[in-house]
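A structural walkthrough
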Amino acid sequence: MSAQLAQYLLTGLTVGAIYALVALGFAIIYNASHVINFAQGEFVMIGGMATVSLANAGLPLLVAIPVAVLTAAAVGVALAKFAVEPARGASVVTLIIITIGASILLRGLATLVWDKKLHALQPFSGDQPIAIAGATILPQSLWVLGVTLAIVLLLGWFFGRTLTGKAMLATSHNPLAAQLCGVNVRFVLLLSFGLSASLGAIAGILIAPITLTSWDVGVMLGLKGFAAAILGGLGSGTGAVVGGLLLGIAESLGAGYVSSAYKDAIAFVIILAVLFFKPSGLFGKKSAERV
Amino acid sequence: MNWRTPRTGGLALLAAVILLLPLALVNNYWYEVAILIGINAIVCVGLNLLIGYAGQISLGHAGFFGLGAYGSAILSARYGWPPAAALAATTAGVALIALLVGRPILKLKGHYLAMATLGMGIIISIVIVTEDRLTGGPDGMSVPAFTLFGMSLAGERVWYWIIGGTLVGAVWFALNLIESPAGRALRALHGSEVGAQVSGIDATRAKVGVFVISAMFASVAGSMTAHYSGFITPGKVSFFHSIELVTMVVFGGMASTFGAVIGAAALTLLPQLLTVLKEYEMVVFGAVMVSTMIFFPRGLLPSLMLALARKRK
Amino acid sequence: MNRSGFFRFMQRGLGLAAAVALAGAAYAQQEPIRIGAFLSVTGPAAFLGDPEQKTLEMYVEKLNAAGGVLGRKLQLVSYDSAGDAEKARTFAKRLIEQDKVDVIVGGSTTGETMAVVPLVEAAGIPFISLAGALVIIDPVKKWVFKTPHTDRMACERIFLDMRDRKLERIGLISGAGGFDKSMRAECLKVAPTYKVQIIADEAYGAGDTDMTAQLTKIKNTPGVQAVLNAGFGSGPAIVTKNFKQLAMNMPLYQSHGVASKEFIKLAGDAAEGVRLPAAAVLVAEQLPAGDKQKTVSVNYKKDYEARFKQDISTFGGHAHDGLMIAVEAMKRAGTTDKAKVRDAIENTKGFSGTGGVVNMSATDHMGLDLTHFRMLEVKKGNWTLVK
């Protein structure tokens, strides 16, 4: 029985870690620009698909992965420069529609550059299952968990200790004040898109060996990532990570103990319930409206 | 009567377009496209009241559309209700659901509200897909034709006039609501919620009210779609459809009832015109969306009006 | 004599040339036969629509290169319905009303097909569907036919094999798509007939990335002897991988929804030993020489792989069969008159397609039986016929 529970928890953590990475991407862009980037899932897709196609072309993973992440980052910066920046000053909803349009555009490009088929990526270190507390886990899951942990620590250091990171934080609190203090707000916007695109791409690469990848894999992952970011509280890094892990575990336990057909519905009911009691998510700042 | 105001002039223009359009509709396929535009426009006019005027986003209106469609379908197909009664009961039921859900949900703000409505829509969609004994599951279900006073309403040419008439009615209702005291209260809300409250407006009540109205618009459009097409699948309940609806509203122009109609027309027509592009269709569609929103951030109609007004000066 | 001979020669020559020119002009001017199609070329069922679209394009080209049908060229008019039933309906209306097609071959999924059925019935136009579910042809609809095996037949074929292997108590896991849910319902219905007990019944959602929770539940259900997965797309590949990860030592059955080499590539080693019912085209070369489907299957495989440089699937095969059944019917009817073509399609007898030998009748608008539904097993990364 406890072996069953252990299996559900391990599964939930692995999936949740991916949601967390996507949610972090949402949070970073939101902080820099107050934009909810609905194309976030497409970075996950670009990461996975680019790695697969480069690996199929004969490049070793150690080369393919950085190239794929850089590709996604470049697309992210381009998105900020050519779609978000020109629309500065537009309403929040308009910006959302722009990112939705961009996500359709990117998916369309993916079917042209690559194809409409599913693809598998070789696991980084074999696929011999490892037994933990009666449950089994794939080595790739350890990669997912390990890399996610490393990224979270790295981001903590970046935002807490480096000048650039602090500048980004300052911009999120008050763009005008940050600009007056000499922060290049434009650069912060581009950097935030590049950074969160890289995070999405890394998530896409990590998960591809477990779950396959395809041109439309980003839709669901983007949606779940958004849900996780909201659950944790928009703009909060801790919130994004906790939200992602909670969402993953809720889905897995819901499927195991309640109903697998309704597991997504269960997850959304939980999110709604949390929002009713904490309208700004678990770790979100209480917003004070200026009158 | 002042024909220059949107309430009369715009409405007359819309009615004229609907009356004259059949001259250009060479076959039933074009009637079908016109009907689809009409259905989407009805939903968008309602949704625009919520998004454009009250300033509250909803990413779950396909859920209400689906409840309307499936409510009518199930009551008339599985329980043998007369379609007119099914439509009325379903609309009332959806209004009640919107009222119950609306109170807690509309306390949320901005992106949290977006998430909550999105979640609500997805839950509705999952229930419809999963309860296949009642709904036919992902493959959908057949719906009997609409009958009124023993007459069966079928065919594109009949439904064109039904949908066209409903659209004019919906626009008329929306225009009146906006000009009414309740409508002014809503716009005050959009400007500043606290400010509105200070001036004695019950913000929650006003928001829930318009939420319920927009849900009923979607529900009626859903019921009509089900009876018109004779077959309904969960595709129209998915969150993609919710996003499509919001896109239409923003594309045409927020806070502009006729903008919502134009947005619905543009985004329904565009995929039909883009079929010649085959595999490039998605790329071009995405590019059109992005560039339109960049160059016309207020939406097609308001940007156009602004340009016209500037020219006149 | 000489002159008149010369003139006569000239006259004849000119006459012949004129006749040829006229015939050529007539051939060129004659309205082409329009084949309409609406397919899920994008969207979640793109892996069905994509090979179907490619197959139709290729064979329309081939038929035209061989002189067309009834002395007329074929013209393919196809739209991408993206798995959306409403889009399918609108495009079907466009095919019927605007493009005035002579026959429709398409409908990658059951939802899209069923949404179009009322239209083709009202318009009176022959429609050959490429989707799976039984409801498409049961009850029989005058103008609607289909080429793939039904989901009920898939269940029956699998249960037959289970009976041979003495597997009586099984777990079922299915996706949330139309194909998955319809097959699940059919399997639950026919299981008692084959003395198979379904003692666990789990589901997963569209776009789910991990099914270990559901499989763990099945694994912990006492007495489970085998698992059956009804689904297509990424789901079954992930189920197969998770199945191996959880070291579930029992047979795993998949449906004909994953009948392409892709599945083996995606699931990798985990696919070893997986069984599924599928059309013969997947094992074209392994068919015995006398098999009626051998020639058509080997040819289709060769044509498709040479042209598109990708592995064949049975889905493209269904499109091939649908187009050929329509074309054969037109040839037999000697016309493209819709009512006559419909009658000719209904009278299709002994047609060897990639899916099986088709014998249609007024009561059977598919014309396939279990004998041509092969049970395959994955061995050393390849499909093999279970003897």
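Residues numbered from 1 in each chain as written. Chains lettered and ligands numbered in written order. Predicted model: local features only at pLDDT ≥ 70, side-chain atom pairs only at ≥ 80, totals over all residues. Heavy atoms only, no water.

Some words on the overall build of chain C
Rules: Per the convention used, a helix needs a DSSP run of H or I reaching at least four residues, while a strand needs a run of E reaching at least two, with both numbered from the N terminus. Only protein chains enter the accessibility calculation, which uses a 1.4 Å probe; a residue whose area is less than 20% of its type maximum is buried, one above 50% is exposed, and one in between is partly exposed. It only takes one pair of heavy atoms within 4.5 Å for two residues to be counted as in contact.
Helix and strand counts for chain C stand at 12 helices and 14 strands. Overall, chain C is about 100 × 45 × 35 Å in size when its C-alpha atoms are taken along their principal axes. Within chain C, buried positions represent 63% of all 387 residues. Put simply, 68% of the contacts in chain C that link residues at least 6 apart link residues at least 24 apart.

Considering the packing of aromatic side chains
Stated precisely, the cut-off is as follows: Two aromatic rings, drawn from Phe, Tyr or Trp (for Trp, its six-membered ring), form a pair once their centres lie within 6.5 Å of each other, and the interplanar angle then sorts them: stacked below 30 degrees, edge-to-face above 60, tilted otherwise. In this scheme, Lys NZ or Arg CZ marks a charge over a ring once it lies within 6 Å of the ring centre and within 35 degrees of the ring normal.
Summed over all chains, the structure comprises 23 aromatic pairs over all chains. Ring geometry for tyrosine 8 of chain A versus tyrosine 257 of chain A: centroids 5.0 Å apart, planes at 85°, classification edge-to-face. Taken together, the residues span a long stretch of sequence, with tyrosine 8 of chain A in helix H1 (residues 2-33) and tyrosine 257 of chain A in helix H10 (residues 237-258) at a distance of 249 residues. Of the residues examined, tyrosine 8 of chain A reaches a relative accessible area of 0% and is grouped as buried. Measuring from centroid to centroid gives 5.3 Å for phenylalanine 38 of chain A and phenylalanine 226 of chain A, while their planes differ by 55°, and the two rings are tilted. Pair noted here: phenylalanine 38 of chain A is in the loop between H1 and helix H2 (40-56) and phenylalanine 226 of chain A is in helix H9 (residues 218-232), with a separation of 188 residues, a long-range link. Look at phenylalanine 38 of chain A and you get buried, because its relative accessible area is 16%. Ring-pair connections join several aromatic residues into one group, and the members of that group are Phe47, Phe179, Phe232 and Phe315 of chain C. In this structure, lysine 54 of chain C is placed above the aromatic ring of phenylalanine 308 of chain C, and the distance from its NZ or CZ to the ring centre is 5.7 Å. Directly above the aromatic system of tryptophan 143 of chain C lies the positively charged group of arginine 342 of chain C, at a separation of 6.0 Å from the ring centroid.

Details of the environment of leucine 130 of chain C
All names here are of chain C. As for its placement among the helices and strands, leucine 130 is situated in the loop between strand S4 (127-129) and strand S5 (144-146). What makes leucine 130 buried here is its relative accessible area of 4%. For leucine 130 and glycine 235, which are 105 residues apart along the polypeptide, the C-alpha to C-alpha distance reads 21 Å. Not counting residues up to four positions away in its chain, the partners in contact with leucine 130 are Leu39, Glu52, Val105, Gly106, Gly107, Ser108, Thr147, Pro148, His318 and Ala319.

With respect to the nonpolar core
How we decide: Put simply, buried Ala, Val, Leu, Ile, Met, Phe, Trp, Tyr and Cys residues joined by side-chain atoms within 4.5 Å make one nonpolar core.
Membership of the largest hydrophobic core comes to 190 residues, with the highest contact counts inside it found for Met115 and Val171 of chain B. Beyond its immediate chain neighbours, meaning those up to four positions away, valine 171 of chain B contacts Leu11, Leu14, Val45, Thr257, Phe258 and Val261 of chain B. Counting residues in each nonpolar core, the second largest holds 89 residues, with Met183, Phe308, Ile325 and Ala329 of chain C among its members.

Topic: unusual backbone geometry
All names here are of chain C. Residue proline 139 is reached from aspartate 138 by a cis peptide bond, and omega for that bond is 5°. Tracing the backbone shows proline 139 in the loop between S4 and S5. At lysine 309, a residue that is not glycine, the phi angle is positive and equals roughly 55°. Of note, lysine 309 is situated in the loop between helix H10 (294-308) and helix H11 (314-333). Note on lysine 309: relative accessible area 68%, which makes it exposed.

Focus on the interface of chain A and chain B
Stated precisely, the cut-off is as follows: Here the quantity called buried area is the total loss of accessible area, with a 1.4 Å probe, experienced by two parts when brought into contact, counted for both. Just to be clear on terms, a salt bridge is a Lys or Arg side-chain nitrogen sitting within 4 Å of an Asp or Glu carboxyl oxygen. Definition of a polar contact: a pair of N or O atoms within 3.5 Å, with one able to donate and the other able to accept a hydrogen when the atoms are protein atoms, and with sequence-neighbouring residues admitted only if both atoms are side-chain atoms. Residues were grouped as follows: Ala, Val, Leu, Ile, Met, Phe, Trp, Tyr, Cys and Pro as nonpolar; Asp, Glu, Lys and Arg as charged; and all remaining residues, including Gly, as polar.
Facing 50 residues of chain A, the contacting portion of chain B comprises 39 residues. Summing the contributions of chain A and of chain B, the shared interface buries around 3,700 Å²; its carbon and sulfur component is 85%. For the chain A face of the interface with chain B, the top three residues by lost area are Ile97, Tyr262 and Phe268 of chain A, together amounting to 15%. Where chain A packs against chain B, one counts 0 salt bridges. Applying the counting criterion to the chain A and chain B interface returns 4 residue pairs in polar contact (both at pLDDT 80 or more). Breaking the side of chain A that touches chain B down by element, the ones donating at least two residues are helix H3 (61-84), helix H4 (92-113), H9 and helix H11 (263-277) of chain A. Sort the elements by how many residues they give to the side of chain A that touches chain B and H4 of chain A lands first, with 16 residues. Classifying every residue of the side of chain A that touches chain B gives 37 nonpolar, 10 polar and 3 charged.

Considerations on the sheet that holds S4 of chain C
Residue and element names in this part refer to chain C. What counts is decided by this rule: Strand pairing is assigned whenever DSSP detects at least two bridges linking the two strands. All axes are obtained by fitting lines to C-alpha atoms, using only the stretch in contact for helices, and the reported angles, taken between N-to-C directions, cover 0 to 180 degrees.
If you walk across this open sheet you meet the 5 strands as S2-S1-S3-S4-S5, and the pairing is parallel. Edge strands, defined here as strands with exactly one partner in the open sheet, are strand S2 (74-80) and S5. With direction set aside, neighbouring strand axes in the sheet form an average angle of 25°. Sheet topology note: the S4/S5 ladder contains 3 bridges and is parallel. Bridge pairing in S5 places serine 129 opposite lysine 146.

Brief notes about the interface of chain B and chain C
Tallying the contact residues gives 22 residues for chain B and 23 residues for chain C. Across the chain B to chain C interface the summed buried area is about 2,100 Å²; carbon plus sulfur atoms make up 51%. By the criterion of area lost to chain C, the three top residues of chain B are Tyr29, Asp139 and Phe231 of chain B, representing 26% of everything that side buries. Taken together, chain B and chain C are joined by 5 salt bridges. Residues arginine 89 of chain C and glutamate 32 of chain B are paired through a salt bridge, measuring 3.1 Å at the closest nitrogen-oxygen approach. Here chain B and chain C share 16 residue pairs in polar contact (both at pLDDT 80 or more) between them.

As for the domain arrangement of chain C
All names here are of chain C. The test is simple: Residue ranges assigned to the domains are those given by an automatic or database domain assignment.
Under the domain assignment used here, chain C contains domain 1 (33-149 + 293-368) and domain 2 (152-278). Each side of the interface is counted separately: domain 1 has 12 residues, and domain 2 has 13 residues. Summing both partners gives a buried area of about 1,000 Å² for domain 1 against domain 2, and 67% of it is carried by carbon and sulfur. Put simply, domain 1 and domain 2 have 1 salt bridge between them. Note that lysine 265 is salt-bridged to aspartate 311, the shortest N-O span being 2.8 Å.

Digging into helix H4 (residues 110-123) of chain C
As a reminder of what qualifies: Under the convention used throughout, the expected extent of a helix is 1.5 Å for every residue step, that is, one less than its residue count. At any given residue, the bend is defined as the angle formed between two axes, one fitted to the seven residues that end at that position and one fitted to the seven that begin there.
Its 14 residues place the ends of H4 of chain C 20 Å apart at the C-alpha level, agreeing with the 20 Å of an ideal helix rising 1.5 Å per residue. Considering bend angle alone, the principal kink of H4 of chain C is centred on valine 116 of chain C and spans about 35°; proline proline 118 of chain C follows within four residues of it. Burial analysis of H4 of chain C places 10 of its 14 residues in the buried class, the great majority of the element. Buried-residue contacts for H4 of chain C involve strand S4 (231-232) of chain B together with strand S1 (33-39), helix H3 (85-98), strand S3 (103-106), S4 and S5 of chain C. A positive phi of about 70° marks glycine 124 of chain C, the residue just after H4 of chain C.

Quick word on the pairing of strand S14 (residues 382-385) of chain C
Side chains on a regular strand alternate between the two faces of the sheet. Residues and elements named next belong to chain C. Examined bridge by bridge, strand S13 (residues 374-379) and S14 share 4 bridges and lie antiparallel to one another. Note that in S14 the partner of lysine 379 across the bridge is asparagine 382. Count of turn residues in the S13/S14 antiparallel hairpin: 2 residues, of which lysine 380 carries a positive phi of about 50°.

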